[in-house]
Amino acid sequence: MAAAATCGTSAGNKGCTAAAAAAAGGKNNVTSFQRKGPRASVPDSGCARLVSIAGTRPSVRNGQLLVSTGLPALDQLLGGGLAVGTVLLIEEDKYNIYSSLLFKYFLAEGVINGHTLLVASAKEDPADILQELPAPLLDDNCKKDFDEDVGNHKTPESNIKMKIAWRYQLLPKMEPGPVSSSRFGHYYDLSKRMPQELIETSKWHGFFFPEKLSPTLNIEPCSLTHGYIKLLQFIQNVIYEEGFDGSNPQKKQKNILRIGIQNLGSPLWGDDICCTENCDNSHSLTKFLYVLRGLLRTSLSACIITMPTHLIQNKAIIARVTNLSDTVVGLESFIGSERETNPLYKDYHGLIHIRQIPRLNNLIYDVSDVKDLAFKLKRKLFTIEFGGETFPNVKI
Amino acid sequence: MFPELNNLLNTTPDRAEQGKLTLLCDAKTDGSFLVHHFLSFYLKANCKVCFVALIQSFSHYNIVGQKLGVSLTAARECGQLVFLEGLKSSVDVFFRAQAEPHPLQFLREADAGNLQPLYEFVREALKPADDGQAAWRCPVLLVDDLSVLLSLGMGAVAVLDFIHYCRAAVCWEQKGNIVALVHDSGDAEDEENDILLNGLSHQSHLILRAEGLATGFCRDVHGQLKILWRTPSQPAAHRDRSLTYQYKIQDKSVSFFAKGMSPAIL
């Protein structure tokens, strides 16, 4: 059963239980299993054949190309990862603490995998955002510190051959801990910064809105605010110039573009939906999202947007924005609310609501059974667990 | 198409009715499975289909269509399907000025105009062939979905006008059908959307409403489908017939059962 589970991660590997049993049987030379097909090698090699871009893997359900969000717990909730060509909308928590963290995890994952980054913000200079990315936890360092954190002590007998459950000896040890940089999804240490050399070798484009303000508008008015028009043109330019949509004959790009847009919809972008209920250009944000999604669907890119939806006065706009996004995740932190002192929530920092998951190329989608999810942030681990009033605490 | 839904609606591809407006709406759930059903139903019924797909890409509908037994690429190549891909066209319209009026022209305009270019596109796509030979049974307009037009700056009245013109051209003149999806925003107080939904409800012959369960998410019952047959021309003549079923969506089909009779419970 466990063998089938690990083989399931390499797409479409049928008959793997028989092959694994045959391989195990071959080792001991005491069974009568006949090997049917070629010898089953390490389960991950099935993935390696299909994946040609670093940091991506095909979805188990429909072969859709997925990238990691930088948070393995969130990847699991979203059905394996974020699909390339889609938008992940994060509804910010009240003080924008945890949503900016998810934003940084997403970008840090891009740096580790060698993806190109596009960081857009109206509040912080993208160069400063990149300096503050958390350092990754790789196999060769900090393993001892991590074990202290989780309380997971490696037993000295782990290297001894298993006598009874010999079939399970072949399986990779399932650890929730730090992984090597060739795997999908990494863990990050928030107390350390990303090493400077990694940031310098990464390719990134920054869009800092206050710098892009130009006095003259040389485009015809089309009911989008100036900031959004500039941002869309910038993104389209990068996609075309770097060849992410395959239309540029000079550039053959086989990499993912990770787009991160911070605080979209806030007054710093020139939009007034957070200020009044009856705003002048209420369609500006929704039009922006529509054209952005059009750009993403036709290119090898994935986008994360954080939006202060708790500030938007008009509920209809939130509903429309949700319909125009693919994956929507809402964060609710306990800081300053009465839940902070509630004994039920004393181990957690907030709730995470999965508001929408897309059904891409499919009638159905992967959805977790439990909807009450809480998160807690330790120095090196952002865990999402089943919390809430009705369910006992079970770690995913 | 889903054979169980055909049984509930009492139709088959051979006996598809003509001149009807079908309204699909969803509340608190995703009603796109109904769009896939009608798309494959009318393609199998040998009708000429004009699909205005504003919310997803062509490959999405194609891959689901293959699970339901139709090939959209083949239909597009032989002329049975005219596909307007909203997402891809919006990029072209927005970044490059077009020489001729484009159906999605309104994306470039500042004021909420009207949807006349889109109507002209539909009319052109569904007009009968010049040689008078009826290659296909009847024209069908499928729109997924109309609520997106409100998000893109169109007023509810402009969208209702568009549907009115399309009904005159497609349903009355050419005896074809229209199927359109509108989201029901529920308690989000989206006035424009409510106007659109109410206006279309009064004009439709058939309303299929997919709702999420009031008690929340359930693994075995994904939602409830309310089917309402209406006769818009004689509003108060006799009671409209309505049925309610619960459904569960599977990989290649949807199973329907009476309320409370889910196989998981029995």
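This structure is a prediction, so every number in the text was calculated from the model and none was measured.

A. Spotlight on the overall build of chain B. A count of helices and strands for chain B gives nine helices and nine strands. Taken against the 2.2 N^0.38 rule, which gives 18 Å for 266 residues, the C-alpha radius of gyration of chain B at 18 Å falls within 12% of a compact globule. Projected onto its principal axes, the C-alpha positions of chain B cover 60 × 45 × 40 Å. Contacts spanning at least 24 positions in sequence make up 70% of the contacts within chain B whose residues lie at least 6 apart. A gap of 8 Å separates the mean positions of the 24 positive and 30 negative side-chain charges of chain B.

B. Here's a closer look at the overall build of chain A. Scanning chain A from terminus to terminus reveals twelve helices and 15 strands. Every one of the 396 residues in chain A was classed for burial, and the buried ones make up 50%. In chain A, of all internal contacts separated by at least 6 residues, the share reaching a separation of at least 24 is 71%. Roughly 18800 Å² of accessible area belongs to chain A as shown, and the carbon and sulfur atoms make up 52% of that amount.

C. Highlighting the interface of chain A and chain B. Taken residue by residue, the interface counts 34 residues in chain A and 44 residues in chain B. Buried surface at the junction of chain A and chain B, summed over both partners, amounts to about 3400 Å²; 62% is from carbon and sulfur atoms. Among the residues of chain A in contact with chain B, A:Tyr290, A:Asn361 and A:Leu363 are the three that bury the most area, contributing 23% of the side total. Here A:Arg359 and B:Asp30 are joined by a salt bridge, their closest N and O atoms 3.3 Å apart. Across the contact surface, chain A and chain B share ten residue pairs in polar contact (both at pLDDT 80 or more). Elements with a contribution of two residues or more to the side of chain A that touches chain B: α10 (226–241), α11 (284–297) and α12 (315–324) of chain A.

D. The arrangement of the packing of aromatic side chains in detail. Considering all chains together, one arrives at 18 aromatic pairs over all chains under this definition. On the basis of an interplanar angle of 40 degrees and a centroid distance of 5.8 Å, the ring pair of A:Tyr105 and A:Tyr188 is categorised as tilted. Residue A:Tyr105 is found in helix α5 (residues 98–113), and its partner A:Tyr188 is found in strand β7 (residues 188–193); the two are separated by 83 residues along the sequence. Take A:Tyr188: its relative accessible area is 1%, and that puts it in the buried class. Taken together, a centroid distance of 4.7 Å and an interplanar angle of 45 degrees make the contact between B:Phe33 and B:Tyr247 tilted. Here B:Tyr247 lies in strand β8 (residues 241–249) and B:Phe33 lies in helix α2 (residues 32–44), a separation of 214 residues in the sequence. Each member of the pair, B:Phe33 as well as B:Tyr247, carries the same accessibility label: buried. Members of the aromatic cluster, joined through ring pairs, are A:Phe207, A:Phe209, A:Tyr228, A:Phe234, A:Trp269 and A:Phe288. Geometry around A:Phe106 places A:Arg258 over its ring, the cationic atom sitting 4.7 Å from the centre. We note B:Arg241 situated over the ring of B:Trp229; from NZ or CZ to the ring centre the distance is 4.0 Å.

E. Fine view of the sheet that holds strand β7 (residues 223–229) of chain B. Residues and elements named next belong to chain B. Read across the sheet, nine strands follow the order β3-β2-β4-β5-β1-β6-β7-β8-β9 without closing on themselves; strand pairing throughout is mixed. Of all the strands in the sheet, just β3 (81–85) and β9 (254–257) have a single pairing partner and so form its edges. On average, each strand axis in the sheet is inclined to that of its neighbour by 20 degrees, with strand direction left out of account. Sitting on the sheet, helix α6 (residues 116–126) touches β2 (48–53), β3 and β4 (139–144), and the angle it makes with β2 is about 155 degrees.

F. Representation of the pairing of strand β5 (residues 177–184) of chain B. All names here are of chain B. Extensive coverage of β5 is indicated by the burial of eight of its eight residues. Going residue by residue along β5, you find Asn177, Val179, Leu181 and His183 tucked away on one face and Ile178, Ala180, Val182 and Asp184 tucked away on the opposite face as well. For strand β1 (residues 21–27) and β5, the ladder comprises seven bridges, and the chain directions are parallel. Directly across from alanine 27, in β5, lies its bridge partner aspartate 184. Here β4 runs beside β5; their pairing, made up of four bridges, is parallel. Bridged to leucine 142 within β5 is valine 179.

G. Region of interest: the pattern of salt bridges. Tallied over the full model, the rule gives 15 salt bridges over all chains. Put simply, A:Asp189 and A:Lys192 hold a salt bridge, and the shortest N to O gap is 3.2 Å. Through salt bridges with shared partners, a single network forms among B:Asp184, B:Arg209, B:Glu211 and B:Lys226.

H. Representation of α12(A) in the model. Taken across its ten residues, α12(A) has seven buried, putting it largely inside the fold. All of the buried residues in α12(A) are A:Ala316, A:Ile317, A:Ile318, A:Arg320, A:Val321, A:Thr322 and A:Leu324.

I. Focus on a nonpolar patch on the surface. On the surface, a nonpolar cluster with roughly 250 Å² of combined accessible area is contributed by A:Tyr95, A:Ile97 and A:Ile335. By the secondary structure assignment, A:Ile97 is in the loop between β4 (87–91) and α5.

J. Layout of α10(A). Residues and elements named next belong to chain A. If you check α10, its first and last C-alpha atoms are 22 Å apart, about what 16 residues at 1.5 Å a residue would give, namely 22 Å. Listing the buried residues of α10 in full gives Gly227, Tyr228, Ile229, Leu231, Leu232, Phe234, Ile235, Gln236, Val238 and Ile239. Positive backbone phi, at 80 degrees, marks glycine 243, one or two positions downstream of α10.

K. Just the confidence of the model for chain A, in detail. Residue and element names in this part refer to chain A. Of all residues in chain A, 68% attain a pLDDT of 70 or more, and the chain-wide mean is 75. No element of chain A has a lower mean pLDDT than helix α3 (residues 45–50), which averages 36, and none a higher one than β4, which averages 96. Every residue in residues 141–159 scores below 50 in pLDDT, and together they form 19 contacts with partners more than four places removed in sequence or on other chains.

L. Here's a closer look at the nonpolar core. Counting 136 residues, the largest nonpolar core has A:Ile261, A:Leu264, A:Trp269, A:Leu292, B:Phe33, B:Phe51 and B:Leu146 as its most contacted members. With ten residues, the top contributor of residues to this core is helix α8 (residues 156–173) of chain B. Leaving out residues up to four positions away in the same chain, A:Ile261 has contacts with A:Phe103, A:Ala120, A:Leu231, A:Ile235, A:Trp269, A:Phe288, A:Leu292, A:Cys303, A:Ile304, A:Ile305 and A:Thr306. Counting 41 residues, the second largest nonpolar core, distinct from the first, contains A:Ile53, A:Val67, A:Tyr98 and A:Leu101.

M. Layout of the packing of α11(A) against helix α5 (residues 86–95) of chain B. Packing of α11(A) against α5(B) leaves a shortest axis separation of 8 Å and a crossing angle of 110 degrees. It follows that α11(A) is roughly perpendicular to α5(B) by the angle criterion. Two secondary-structure elements touch here, α11(A) through A:Tyr290, A:Val291, A:Arg293, A:Gly294, A:Leu295 and A:Arg297 and α5(B) through B:Gly86, B:Leu87, B:Ser90, B:Val91, B:Phe94 and B:Phe95. Class assignment for the residues of the contact of α11(A) with α5(B) results in seven nonpolar, three polar and two charged.

Procedures and definitions
Residues numbered from 1 in each chain as written. Chains lettered and ligands numbered in written order. Predicted model: local features only at pLDDT ≥ 70, side-chain atom pairs only at ≥ 80, totals over all residues. Heavy atoms only, no water. Helix = DSSP H or I, 4+ residues; strand = E, 2+ residues; numbered from the N terminus. Rg over C-alpha atoms; globule rule 2.2 N^0.38 Å. Contact = heavy atoms within 4.5 Å. Lys, Arg positive; Asp, Glu negative; His and termini not counted. Charge placed at Lys NZ, Arg CZ, Asp CG, Glu CD. Buried < 20%, exposed > 50% of the residue type's maximum accessible area, 1.4 Å probe, protein only. Areas by Shrake-Rupley, 256 points an atom, 1.4 Å probe, with all protein chains shown as cover. Buried area = accessible area lost by both parts, 1.4 Å probe. Salt bridge = Lys/Arg side-chain N within 4 Å of Asp/Glu carboxyl O. Polar contact = N/O pair within 3.5 Å; in protein donor to acceptor, adjacent residues only side chain to side chain. Phe/Tyr/Trp six-rings, centres within 6.5 Å; stacked < 30°, edge-to-face > 60°. Lys NZ or Arg CZ within 6 Å of the ring centre and 35° of its normal. Pairing = 2+ DSSP bridges. Axes fitted to C-alpha atoms, helices over the stretch in contact; angles between N-to-C directions. Patch = residues over 30% accessible without salt bridge, like charges linked within 9 Å, V, L, I, M, F, W, Y side chains within 5 Å. Expected span 1.5 Å × (residues − 1). pLDDT = per-residue confidence, 0-100. Core = buried A, V, L, I, M, F, W, Y, C linked by side-chain atoms within 4.5 Å. Parallel < 35°, antiparallel > 145°, perpendicular 65-115°, else oblique. Nonpolar A, V, L, I, M, F, W, Y, C, P; charged D, E, K, R; others polar.

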